[in-house]
Amino acid sequence: MASDTSAKASKPSNAKQSAEEKAQAKAQRLAERNKALAEEESKAWQELHARADKQIQAYRGRPRFKWTEDLEQELFNRLSNGQSLAFICELDHMPSPATVYERIEESPSFALAYTRARENMGSVLLDQCLRIADDDSRDLIPAPTDDNGNPIGDVQVNHAAIQRDRMRIDTRIRMAGKYNLRLADKPMDGAAITVNNNTLQLDARALDASQRDSLRQLLIAAREKAQDE
């Protein structure tokens, strides 16, 4: 009887110890993740500072940059085709980002053309999302083979590649929505959404006026398409 009582008493103790170990392991993983993020953020800031110092040194003492129509058109074309302003401004014949921003403040026509180029970049980013999503070349890891070329294992799903592509797509979607507000997925922002199998439930009370209007337009368009079919 004493041994049974001891065994019963040890079970809660073991369960408590297991829960504490899991909590400690979770806290350790979180600490390691935060440390990695901090290191990555520090590295990013160092790169930004180094790039800024390089640009300042390159343009220090030089005469004011002379804009030409060809240079402006090249800048807009590069932006429209998806190149970042930082990349463009690293080219020897291009101005610094600060000079571009000054031009935006000084010239309304330049600012308008720059905004349109940014909007075009958003469309390019969405096209890239489609290409990434359609590319399934890395989705599977082929089975290993023996010396005769015969498979000796099973084909594996390449979860790392799929997750990486998902992150690439999500990043481009967010950027596209910032460059071109018409491409932003507004009805989804701030909404309480639940998806079960093929059923979607959305709390319209969580939407603001513009989001409700966007949702209304989508529903009307869907209804008209269904009627046409």
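What counts, and where the lines are drawn
- Residues numbered from 1 in each chain as written.
- Predicted model: local features only at pLDDT ≥ 70, side-chain atom pairs only at ≥ 80, totals over all residues.
- Heavy atoms only, no water.
- Helix = DSSP H or I, 4+ residues; strand = E, 2+ residues; numbered from the N terminus.
- Buried < 20%, exposed > 50% of the residue type's maximum accessible area, 1.4 Å probe, protein only.
- Contact = heavy atoms within 4.5 Å.
- Salt bridge = Lys/Arg side-chain N within 4 Å of Asp/Glu carboxyl O.
- Phe/Tyr/Trp six-rings, centres within 6.5 Å; stacked < 30°, edge-to-face > 60°.
- Core = buried A, V, L, I, M, F, W, Y, C linked by side-chain atoms within 4.5 Å.
- pLDDT = per-residue confidence, 0-100.
- Axes fitted to C-alpha atoms, helices over the stretch in contact; angles between N-to-C directions.
- Parallel < 35°, antiparallel > 145°, perpendicular 65-115°, else oblique.
- Nonpolar A, V, L, I, M, F, W, Y, C, P; charged D, E, K, R; others polar.

## Examining the overall build of the protein
In terms of regular secondary structure, the protein is built from seven helices and four strands. Taken from the N to the C terminus, the helices and strands of the protein come in the order α-α-α-α-α-β-β-α-β-β-α. By residue count, 17% of the 229 residues in the protein fall in the buried class. Within the protein, contacts between residues at least 6 apart in sequence are counted, and of these 50% link residues at least 24 apart.

## Things to note about the pattern of salt bridges
On inspection of all chains with the given rule, the structure shows four salt bridges. We note a salt bridge from Arg103 to Glu72, for which the minimum N-O separation is 2.6 Å. Here the residue Arg103 occupies a position in helix H4 (residues 97–106), and Glu72 occupies one in helix H2 (residues 69–80), the gap between them amounting to 31 residues. A salt bridge links Asp165 to Arg168, with the shortest nitrogen-to-oxygen separation between them at 3.3 Å.

## Observations concerning the packing of aromatic side chains
Two aromatic rings are characterised by how far apart their centres lie and by the angle between their planes. Scanning all chains against the criterion turns up four aromatic pairs. With a centroid separation of 5.1 Å and 50° between ring planes, the pair formed by Phe76 and Phe110 is classed as tilted. With Phe76 in helix H2 and Phe110 in helix H5 (residues 108–134), this residue pair connects regions lying 34 residues apart in the sequence. In this structure Phe76 comes out as buried when scored by relative accessible area, which is 10%. Residue classification places Phe110 among the buried positions, given a relative accessible area of 2%. Three or more aromatic residues joined by ring pairs make a cluster, and in this case those are Phe65, Trp67, Phe76, Phe110 and Tyr114.

## Looking at the side chain of Asp165
Mapped onto the secondary structure, Asp165 falls in helix H6 (residues 159–179). Beyond its immediate sequence surroundings of up to four residues, Asp165 is in contact with Ile132, Asp135 and Arg138.

## Examining the nonpolar core
Counting 16 residues, the largest nonpolar core has Leu75, Phe76, Leu79, Leu85, Val100, Phe110 and Tyr114 as its most contacted members. For this core, the secondary structure elements donating two or more residues are H2, helix H3 (85–89) and H5. Broken down by element, this core gets its largest block of residues, five residues, from H5. With residues near it in sequence (within four places) discarded, Tyr114 still touches Phe76, Leu79, Leu85, Val100, Tyr101 and Ile104.

## Quick notes on the environment of Thr145
Relative to the helices and strands, Thr145 is located in the loop between strand E1 (140–141) and strand E2 (156–157). Contacts of Thr145, omitting those with residues within four sequence positions, involve Asn150, Pro151 and Ile152.

## Considering the confidence of the model for the protein
Where the model shows low pLDDT, its predicted coordinates should not be examined in detail. Of all residues in the protein, 71% attain a pLDDT of 70 or more, and the chain-wide mean is 77. By mean pLDDT, the top-scoring element of the protein is H2 (94), and the lowest-scoring one is strand E3 (residues 192–196) (46). Across residues 186–198, where pLDDT falls below 50, the model places 25 contacts with residues more than four positions away in sequence or in other chains.

## Focus on the packing of H2 against H5
Their axes nearest at 7 Å, the elements H2 and H5 cross at an angle of 25°. On the basis of the axis angle, H2 is roughly parallel to H5. Contacts between H2 and H5 pair Glu72, Leu75, Phe76, Leu79 and Ser80 from the former with Phe110, Ala113, Tyr114, Ala117, Asn120, Met121 and Val124 from the latter. The residue inventory of the contact of H2 with H5, partitioned by class, reads nine nonpolar, two polar and one charged.

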